[in-house]
Amino acid sequence: EKCHNELVRLRGNIRVFCRVRPVSQEEEQDCVDASSALSFDSDDDAVLYLSSKGRVMRFELDKVFPPPATQEEVFQELQSLVTSCIDGFNVCIFAYGQTGSGKTYTMEGVAHDPGINQRALRLLFSEVTEKAPDWEFSISVSVEIYNESLRNLLGDSVSEKLDIRLSPDGSGRLYVPGLTQVGVQSPEDIQRVFELGHMNRATACTNLNEHSSRSHALLIVSVSGYNTVTGSRTQGKLNLVDLAGSERISRSGAEGSRLREAQCINKSLSALGDVINARCRHAHVPFRNSRLTYLLQDSLSGDSKTLMMVQVSPLPANLSESISSLKFAQRVRSVEL
Ligand SMILES: Nc1ncnc2c1ncn2[C@@H]1O[C@H](COP(=O)(O)OP(=O)(O)OP(=O)(O)O)[C@@H](O)[C@H]1O
């Protein structure tokens, strides 16, 4: 019991979930035994089994969502995490996994069935509206990190590269000069922000001949509260991050720009793993090793809360990538006592 409590305290604010996407219709037509490599435990919704070459591997996480899980069910598990930013917490939600494993589906969703991003903003909006006029609510920024450079997704020129700087006020805080901040007064504003971000990301892809799965997409929401009686302010942040595809590109196969993309992704994903893991162990936290961890520094340290949603494809052909994603999940979750 004591040991368990200690574990909870240490792991504290880091949760790792896994979501297995369904087999699509086309995939079903192409391969007969599409989902045979994965199985779930009906008594324990935190466990996932993978079988490979006659061996069964058991992965334990905080929660596993099997293919039938709906967007609504997934969001229900995150609601309290999302609203904790109203109480002044800094929260990060990451979608991690190989290309095609369902990261964008989980974060953005589809028109008739939105994902975490929209649901979170709508929830925050309604909670904050209830508290009005003492509360302010703003979507700060939407950025993309590609090849270790930062881009503004809500501005006029997406191709302009931005810098992360130390605030001149001596507070030790970081800021990004030139980032567009958008205020949100209604749910329609939320919709507009998503559309603009989405469009700009697509434009960057076309103009610069890139694939969106090779970049990290971040939506950073700031919520600030002002207590008119005491005059005190609270400030929380919600960072919603659709990470670049985690698949390993073989060094021999990739050349030139592909290789550079792969190296940048690799570097930032392993930096992210290191940062979360170091936090668990109370070790030195290497924030500066990538743009991603540097930008999210204040939301990945101290009292902040992190949720890693590890996306897994059900296909046997993707098995080795699924194993590597789940190993990453276990690594960020593991605590050495
Ligand atoms: N839970 C789900 N239910 C129904 N369809 C899903 C689900 N998850 C993913 N899909 C579908 O599977 C396909 C791949 O998903 P998605 O594009 O989200 O993957 P991704 O990991 O974001 O890939 P990329 O890195 O290329 O952007 C999409 O057509 C998506 O609509």
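Residues numbered from 1 in each chain as written. Predicted model: local features only at pLDDT ≥ 70, side-chain atom pairs only at ≥ 80, totals over all residues. Heavy atoms only, no water.

- Looking at an unreviewed UniProt entry, one finds the protein named Kinesin-like protein, with Tetraodon nigroviridis as its source organism.
- According to its UniProt record, the protein has this under Sequence similarities (unreviewed entry): "Belongs to the TRAFAC class myosin-kinesin ATPase superfamily. Kinesin family."
- In its Function (unreviewed entry) section, the UniProt record describing the protein reads: "Minus-end microtubule-dependent motor protein. Involved in apically targeted transport. Required for zonula adherens maintenance." (UniProt positions renumbered as here; feature names shortened; annotations may be inferred.)

1. Some points on the site of the ligand
- Around the ligand, the surrounding shell consists of Arg 19, Arg 21, Pro 22, Gln 98, Thr 99, Gly 100, Ser 101, Gly 102, Lys 103, Thr 104, Tyr 105 and Ser 213.
- Gln 98 has a polar backbone atom sitting 3.5 Å from an oxygen atom of the ligand.
- Within the side chain of Thr 104, one N or O atom sits 2.7 Å away from an oxygen atom of the ligand.
- Notes on the ligand: free accessible area 630 Å², of which the protein chains cover 68%.
- The element contributing the most residues to the shell around the ligand is helix 5 (residues 103-107), with three residues. (Near = heavy atom within 4 Å. Polar contact = N/O pair within 3.5 Å; in protein donor to acceptor, adjacent residues only side chain to side chain. Areas by Shrake-Rupley, 256 points an atom, 1.4 Å probe, with all protein chains shown as cover. Helix = DSSP H or I, 4+ residues; strand = E, 2+ residues; numbered from the N terminus.)

2. With respect to the environment of Gly 273
- The residue Gly 273 is located in helix 8 (residues 256-281) in this model.
- Through-space distance from the C-alpha of Gly 273 to that of Glu 255 is 26 Å; in sequence the pair is 18 residues apart.
- When near neighbours in sequence (up to four residues on either side) are disregarded, Gly 273 contacts Phe 328, Arg 331 and Val 332. (Contact = heavy atoms within 4.5 Å.)

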